[in-house]
Amino acid sequence: MELDEHDRVWARYRLRPVTGRTHQLRVHMSALGVPIYGDSLYPQITPISPTDYTEPLRLLAHTMSFTDPLTRRKHTFMSERTLTGP
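Residues numbered from 1 in each chain as written. Predicted model: local features only at pLDDT ≥ 70, side-chain atom pairs only at ≥ 80, totals over all residues. Heavy atoms only, no water.

1. Re the pattern of salt bridges
Side chains that differ in charge, positive against negative, can pair when their charged atoms come close. Just so we agree on the cut-off: Note on definitions: salt bridges are taken to be side-chain nitrogens of Lys or Arg within 4 Å of carboxyl oxygens of Asp or Glu. Buried means the residue's accessible area, taken with a 1.4 Å probe over protein chains only, is under 20% of the maximum for its type, while exposed means over 50%, and partly exposed covers the values in between.
Evaluated as defined, the whole model comprises 4 salt bridges. Notably, a salt bridge pairs Glu5 with Arg12, separated by 3.5 Å at the nearest N-O pair. Glu5 gets classed as partly exposed once you look at its relative accessible area, which sits at 46%. A relative accessible area of 30% places Arg12 in the partly exposed class.

Structure representation (structure tokens):
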């Protein structure tokens, strides 16, 4: 985990998970006292409608890589999207 930027209220972290499981990122960041903005599960459950997109989880996979288990070819995908502040 690397702190990219902060402004005394909000911070942006760079996370480098090995498995890519968002649940793990959410629970670990919450346990460290820096829950991910828009998380409706951690640190406490917030009931929301499944069609309510007004406060999305601010978690973005910028780069994703894997090796195909059959061909052994490495694939890398990069997103051009960026996160905006809350």
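Back to the write-up after that little detour.
2. Description of the layout of surface pockets
Counted only if it meets this: Every definition here rests on a 1 Å grid over the protein atoms only: cavities are sets of points where a 1.4 Å probe fits but cannot get out, pockets are open sets enclosed by protein on both sides within 12 Å along at least five of seven lines, and lining residues have some atom within 4 Å of a point. Grid points are joined across faces, edges and corners, and a volume is the space filled by probe spheres set on the points. Each residue is assigned to one class: nonpolar for Ala, Val, Leu, Ile, Met, Phe, Trp, Tyr, Cys and Pro, charged for Asp, Glu, Lys and Arg, and polar for all the others, Gly among them.
If you add up the space inside the second largest pocket, you get close to 150 Å³. Around the second largest pocket sit Pro56, Leu57, Arg58, Leu59, Leu60, Arg81, Thr82, Leu83 and Thr84, which together line it. Residue classes in the lining of the second largest pocket are distributed as 5 nonpolar, 2 polar and 2 charged.

3. Quick notes on the packing of aromatic side chains
To be explicit about the condition: Between the rings of Phe, Tyr and Trp (Trp by its six-membered ring), a pair exists once the centres lie within 6.5 Å; its type follows the angle of the planes, with under 30 degrees stacked, over 60 edge-to-face, and the other angles tilted. Helix and strand definitions follow DSSP, with helices as H or I runs of at least four residues and strands as E runs of at least two, each counted in order from the N terminus.
Summed over all chains, the structure comprises 2 aromatic pairs. Taken together, a centroid distance of 4.8 Å and an interplanar angle of 80° make the contact between Trp10 and Tyr37 edge-to-face. Of the two residues, Trp10 sits in the loop between strand E1 (2-6) and strand E2 (11-14) while Tyr37 sits in the loop between helix H1 (22-31) and strand E3 (63-67), which places them 27 residues apart along the sequence. On the basis of relative accessibility, which here comes to 41%, the residue Trp10 falls in the partly exposed class. Plain terms: the ring middles of Phe66 and Phe77 are 6.2 Å apart, the flat faces sit at 20° to each other, and that makes the pair stacked. With Phe66 in strand E3 and Phe77 in strand E4 (residues 74-78), the pair connects residues that are 11 residues apart, well separated along the chain. Note on Phe77: relative accessible area 48%, which makes it partly exposed.

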